[in-house]
Amino acid sequence: MNSSDYAKWTARATEWITDYFANLSDRPVRAQTKPGDIAAMLPDSPPDEAVSMDDIMADFERIVPDGMTHWQHPKFFAYFNSNAAPASLIADQLANAIGAQCMLWQTSPAATEMEQVMCDWLRQAMGLPKGYQGVIQDSASSATLSAILTMRERAQRFQGNKLGYAGAQPVRIYCSEQVHSSVDKACWVAGIGQDNLVKIDTDRNFAMRPEALAATITADKMAGFNPAGLVLCVGGTSIGASDRMPALLDIAKQEGLYTHLDAAWAGAAMICPEQREFWDGADRCDSIVMNPHKWLGAQFDCSVQLLKDPTDQIRTLGIKPTYLHTEGEDSIVNFSEWTVPLGRRFRALKLWFLIRAYGLDGLRARIRNHIQWSDDLAEKLRTHPDFTIITERRFSLFTFQYTPTGQNANDATKALLQRVNDDGRTYLTQTLHEGRYVIRFTAGQFDCTRDDVMAVYDILLDLTR
Ligand SMILES: *Cc1c(COP(=O)(O)O)cnc(C)c1O
């Protein structure tokens, strides 16, 4: 296939996509395949001779769609949604065609400058003050790793990249047990170690207790540790728990800790001013991550990290070999100096298309609907004697158990969840909360309707009959 055949095949692909969207709700949400099914349909070795695009397309249709879980299905209520609003899809197609490696301003001026402006649009939309500068990463895990590495390097007075970390006074990072596992993994990768990520006690709302944080830091200093950073969460992954930030940030400031806020999922809801109950203090965090590819609607992948002052992160991650030098460096940003990977995609384009094609009002309306409908479903389940709400709705996430009398609630819930996902009409996932196996419900698919959400009630009843 040559560039001259592009129009023909992109038209075929578009036809397939249009049909896929039109019939998506008839498909089972979660893939109903078994491990090995797909691999068995693929030849063991690569072809020496070229295969026709007709055959490749036909094989795609035969093998792939039924082997996928359909994240854009309107009844996908599992994990957190990863969206692909159509306007952002178009933008990604254009960016893919240009195929730029956007590591330096010089290799991608429009991508670099659009990235700066889009991050600033999001800063404004989320009610954050001027001064934050943003960078788009592939995932929140990468943004969090960048922040953790910055904490470590800063605590070592920027000598760690040169001297290494072995033999240094061990740094300590603080968070609650409600943070995402990407914080733990960042500490593994950074060589800080799981034992130096200290999980601070929480209150009855699962927010970090300031007194516990202060006491732990004091004890750590006495024991010879080097307190380096604090990770906060707004909208934790398990049940949506959020820290009350101001008192925690006061302690961080007093102790000279670098602060990172993980709002990967719920950050999108901050474009709605009435959702900012837990946002107090965000304007004092050194680093904030939110994923536009989750609730906001951008095509995966797109994770925005906002930095109060990027200097420390650039000192930690910026490396400038001669072959990457650019003339006139003072007035430009080279985003590869802000992140672990050198290579980077043109991700700002899909944000530009997304925000303009729906407007902030259009995006807000979707988020408000998801929250309202999630509330409606929780209230309906609450009235049913066989269901128990375990954690109340936070943003659009609540958890529940199936609790018919005479059965073990964990076992009954687990069995019901398996029936739901084998059935395929909707897709829900689980978490363990205080020893209880609970089903998580979260609404966030870009095109879902109230009927899609309320159908979950009927499906649950149907499958418990
Ligand atoms: C989804 C999520 C993450 C991980 O996001 P990735 O972009 O997949 O790395 C981290 N933290 C929170 C709160 C999340 O919801």
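The structure reproduced in this document is the subject of the present report.

About the cut-offs
Residues numbered from 1 in each chain as written. Predicted model: local features only at pLDDT ≥ 70, side-chain atom pairs only at ≥ 80, totals over all residues. Heavy atoms only, no water. Helix = DSSP H or I, 4+ residues; strand = E, 2+ residues; numbered from the N terminus. Contact = heavy atoms within 4.5 Å. Pairing = 2+ DSSP bridges. Axes fitted to C-alpha atoms, helices over the stretch in contact; angles between N-to-C directions. Phe/Tyr/Trp six-rings, centres within 6.5 Å; stacked < 30°, edge-to-face > 60°. Buried < 20%, exposed > 50% of the residue type's maximum accessible area, 1.4 Å probe, protein only. Lys NZ or Arg CZ within 6 Å of the ring centre and 35° of its normal.

Observations concerning the environment of proline 65
As for its placement among the helices and strands, proline 65 is situated in the loop between helix 3 (53–63) and helix 4 (86–98). When the C-alpha atoms of proline 65 and alanine 31 are compared, they prove to be 8.8 Å apart, with 34 residues separating the residues in sequence. Here proline 65 is in contact with Trp16, Arg27, Phe60 and His70, once residues within four sequence places are set aside.

Quick look at the sheet that holds strand 6 (residues 287–290)
If you walk across this open sheet you meet the seven strands as 1-7-6-5-4-2-3, and the pairing is mixed. The outermost strands of the open sheet, each flanked by one partner alone, are strand 1 (133–137) and strand 3 (197–200). Ignoring strand direction, the axes of neighbouring strands in this sheet form an average angle of 20°. Pairing analysis gives five bridges linking strand 1 to strand 7 (residues 303–307), with the strands arranged antiparallel. Residue glutamine 133 lies in a different strand from strand 7, and its bridge partner there is leucine 307.

Examining the packing of aromatic side chains
The relative placement of two aromatic rings is captured by the distance of their centres and the angle of their planes. Taken as a whole and judged by the stated rule, the model has 18 aromatic pairs. On the numbers, 6.0 Å between centres and 80° between planes, the contact of tyrosine 79 with tyrosine 427 is edge-to-face. Residue tyrosine 79 is found in the loop between helix 3 and helix 4, and its partner tyrosine 427 is found in the loop between helix 14 (409–423) and strand 10 (429–433); the two are separated by 348 residues along the sequence. Assessed through its relative accessible area of 7%, tyrosine 427 is described here as buried. Through a chain of ring-to-ring contacts, three or more aromatic side chains come together here, namely Phe77, Phe387, Phe398, Phe400, Tyr402 and Phe441. Over the face of the ring belonging to tyrosine 165 we find arginine 152, whose NZ or CZ atom lies 5.3 Å from the ring centre. One Lys or Arg, arginine 440, reaches over the ring of phenylalanine 80 and ends 4.9 Å from the middle of that ring.

Re the pairing of strand 9 (residues 397–402)
The element strand 9 is largely enclosed, with a buried count of six among its six residues. Of the two faces of strand 9, the one holding Leu397, Thr399 and Gln401 and the one holding Phe398, Phe400 and Tyr402 are both buried throughout. Pairing of strand 8 (residues 387–394) with strand 9 involves five bridges; the strand directions are antiparallel. Counterpart to threonine 388 in the pairing with strand 9 is glutamine 401. The antiparallel pairing of strand 8 with strand 9 creates a hairpin that spans two residues between the two strands, and phenylalanine 395 there sits at a positive phi of about 55°. Of the strand pairs in this sheet, strand 9 and strand 11 (residues 436–442) are connected by four bridges, and their pairing is antiparallel. If you follow threonine 399 over to strand 11, its bridge partner there is arginine 440.

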